[in-house]
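Single-letter residue listing:
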Amino acid sequence: MAQQVHVFQSKVCYSIPGRFKLDLELKSNQRVTALIGPSGAGKTTVLKLIAGWLESNSTVALNGSRLDLNQSGKVKPLRDRGVGMVFQDDLLFPHLDVLANAQFAIKYARHERPMEPSVFDSLCHNFGVVHLLERKIFNLSGGERQRVGLVRALAARPKLLLCDEPVSAVDRAGRTELLANLQSWTEREQIVVIMVTHDHDEIRRMAGHVWHLDAGQLIAEGSPDSVV
Amino acid sequence: MTAEDLTAISLSLAIALSATILVVSVGTPIAWYIAKKPFRGAGLVVAISTLPLVLPPTVTGYLLLEIFGRRALVGQFLEQQFGLVLVFHWSGAVLAAAVTSFPLYFVSARSAFASVDFGYEQAARLMGCSEWTVFWRMTLPLSIRGLLAGIVLGFVRALGDFGATLMVAGNIPGRTRTAALALYDATILGEAARARSLVAVLGAVAVAAIWFAGRPISKGGR
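1. Here we look at the side chain of Glu165 of chain A
Residue and element names in this part refer to chain A. Counting through the fold element by element, Glu165 comes out in the loop between strand S7 (160–164) and helix H6 (172–188). For the buried Glu165, no salt bridge exists, and the shortest N-O distance to an oppositely charged side chain is 5.5 Å, to Lys43. A distance of 3.1 Å separates the side chain of Glu165 from the side chain of Gln88, its partner in a polar contact. Each residue touching Glu165, except ones within four places of it in the same chain, is listed here: Gln88, Gln146, Val196, Thr197 and His198.

Rendered as structure tokens:
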């Protein structure tokens, strides 16, 4: 288990004066952590703080190394953090087609091991977007947009993937399949996942650990069965 | 229409084009910075940038003479260092047209940049883009429609400038007499046919420019 501790030990501390003061720790042997809480609890804000999207005095460490600071102690720009994000409102680039969106991160990600074309093909196949690649973004349904959003984020090969209700617009059957694919893909790529969701079944199926947030405070954490 | 009028029209187009290039070169970074990186004093920069929109063109021209005239500080510097004399020269007409058309481009560009969802830019950064790439791949394409509208408005304004151009560059046939000044001459001299021809040409160019700006860029364009 010591090896696992080294691989997954992660820590997220952050505070926004007057609102947040949290110290979250990803459990060493849990690759997927669910972030739950009522609307307005601050779940999306937490993800944005972890990603560095919002300025704060956050401390974010993963695999024993800081994601937010470089070796000389300077704040890392977003592009160097190795954090991927799947957004609630997908944020697919409207001026690019599906293929250009999906490959965007491959083109620009500062990664020592960019995704090979064959792996990208497999990613598109697994997430059911192959038939969408030629389409324009505005021609996609909500569920299709979320599939493309997942592919785009995973194509960057992030160390940490933050998912904000990533399958909320997908139908029930597709959701189960998509989450299973997300789970196996992130396991294969050794990606640590923090996922916001309201669905208890999803939490039990995916997550090994749960943070329950309310009004910006961590009110409970533990295994899915103990928290949900 | 006389050969002199044709010269005035081509001179007008050249001046308007040069002024537009100058305005876009200077106005784009300022508009982007103010839209994306608000700072204390930004309001003052906006006020100064849009001042030519509300000042009478002759006042703008007079102020330009006070700054760039041969006895003015900047004017003397430009003449001594670069041998550049703006007054009664076509470059002075470019400067006058640029200053009067600047607010139209600046206001459009600032608004276009501000309307680009910050989320797209942050998403691009998270996916590895530098600030430069974010600008070229996200901000610029997503604001292109507003920028084009500003370019066209600025170009048309530069094409039709009269007061500031007359104050700074004069009305020298073949050198600084633009189509707008030629139209004034034709009207004063009672040459109605000439005047109508110039009005038709200036009007056609303006309508063509507005039509060009209003074209859909692509189905996915914003």
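Now, onward.
2. What about the confidence of the model for chain B?
Residue and element names in this part refer to chain B. Of the residues in chain B, 97% reach a pLDDT of 70 or more, and the chain-wide mean stands at 91. Element-level pLDDT for chain B is lowest in helix H10 (residues 192–214), with a mean of 89, against a maximum mean of 95 in helix H5 (residues 90–114). Overall fold confidence (pTM) sits at 0.84, and the ipTM for the predicted complex is 0.85.

3. Brief notes about the packing of aromatic side chains
Overall, the coordinates contain 15 aromatic pairs over all chains when judged by the stated rule. Taking 5.7 Å as the distance between ring centres and 15 degrees as the angle between the ring planes, the aromatic pair formed by Phe102 of chain B and Phe106 of chain B counts as stacked. Taken together, the positions of Phe102 of chain B and Phe106 of chain B, both in helix H5 and 4 residues apart, correspond to about one turn of that helix. One aromatic cluster is present, built from ring pairs that chain together Trp32, Tyr33, Phe39, Phe113, Trp132, Phe135 and Trp136 of chain B. A cation sits over an aromatic face here: Arg152 of chain A above Phe93 of chain A, 4.4 Å from the ring centre. Above the plane of the ring of Trp185 of chain A lies Arg188 of chain A, whose end atom (NZ or CZ) is 4.3 Å from the centre.

4. Examining unusual backbone geometry
Residue and element names in this part refer to chain A. Backbone geometry at Leu91 places phi at a positive 50 degrees, although glycine is not the residue there. The residue Leu91 is located in the loop between strand S6 (83–86) and helix H3 (98–108) in this model. Owing to a relative accessible area of 6%, Leu91 belongs among the buried residues under this scheme. Look at Arg157: it is not a glycine, yet its phi comes out positive at around 50 degrees. Mapped onto the elements, Arg157 comes out in the loop between helix H5 (142–155) and S7.

5. Brief notes about H6 of chain A
All names here are of chain A. With 17 residues, H6 should cover 24 Å at 1.5 Å per step; its first-to-last C-alpha distance of 25 Å lies within 8% of that length. Of the residues making up H6, those classed as buried are Gly174, Arg175, Leu178, Leu179, Asn181, Leu182, Trp185 and Thr186. In an axial view of H6, the angular spread of the buried residues amounts to 165 degrees, which keeps them on one side of the axis. Tucked into the core, H6 has its buried residues touching helix H4 (117–126), H5, S7, strand S8 (192–196) and helix H7 (200–206). Just downstream of H6 lies Gln190, where phi reads positive at about 55 degrees.

6. A look at the nonpolar core
All names here are of chain A. With 40 residues, the main nonpolar core has Phe120, Leu123, Phe127, Val151, Leu154, Leu161 and Leu182 as its most contacted residues. Of all the secondary-structure elements, those providing two or more residues to this core are strand S3 (32–36), H3, H4, H5, S7, H6, S8 and H7. Top element by residues in this core is H5. It accounts for 6 residues. Filtering out sequence-adjacent residues up to four positions away, Leu161 remains in contact with Gly84, Met85, Val86, Ala153, Leu154, Leu182, Thr186, Ile191, Val192, Val193 and Ile194.

7. What to know about the state of the cysteines
Applying the stated rule across the entire model yields 0 disulfides over all chains. A disulfide-free cysteine, Cys163 of chain A has its sulfur positioned 17 Å from the sulfur of Cys124 of chain A, the nearest such atom. Cys129 of chain B takes part in no disulfide bond, and the closest cysteine sulfur to it belongs to Cys124 of chain A, at a distance of 19 Å. Exposure remark for Cys129 of chain B: the relative accessible area of 2% places this residue in the buried category.

Reading the values: rules and limits
- Residues numbered from 1 in each chain as written.
- Chains lettered and ligands numbered in written order.
- Predicted model: local features only at pLDDT ≥ 70, side-chain atom pairs only at ≥ 80, totals over all residues.
- Heavy atoms only, no water.
- Helix = DSSP H or I, 4+ residues; strand = E, 2+ residues; numbered from the N terminus.
- Buried < 20%, exposed > 50% of the residue type's maximum accessible area, 1.4 Å probe, protein only.
- Lys, Arg positive; Asp, Glu negative; His and termini not counted.
- Salt bridge = Lys/Arg side-chain N within 4 Å of Asp/Glu carboxyl O.
- Polar contact = N/O pair within 3.5 Å; in protein donor to acceptor, adjacent residues only side chain to side chain.
- Contact = heavy atoms within 4.5 Å.
- pLDDT = per-residue confidence, 0-100.
- Phe/Tyr/Trp six-rings, centres within 6.5 Å; stacked < 30°, edge-to-face > 60°.
- Lys NZ or Arg CZ within 6 Å of the ring centre and 35° of its normal.
- Expected span 1.5 Å × (residues − 1).
- Arc of directions from axis to C-beta.
- Core = buried A, V, L, I, M, F, W, Y, C linked by side-chain atoms within 4.5 Å.
- Disulfide = S-S within 2.5 Å.

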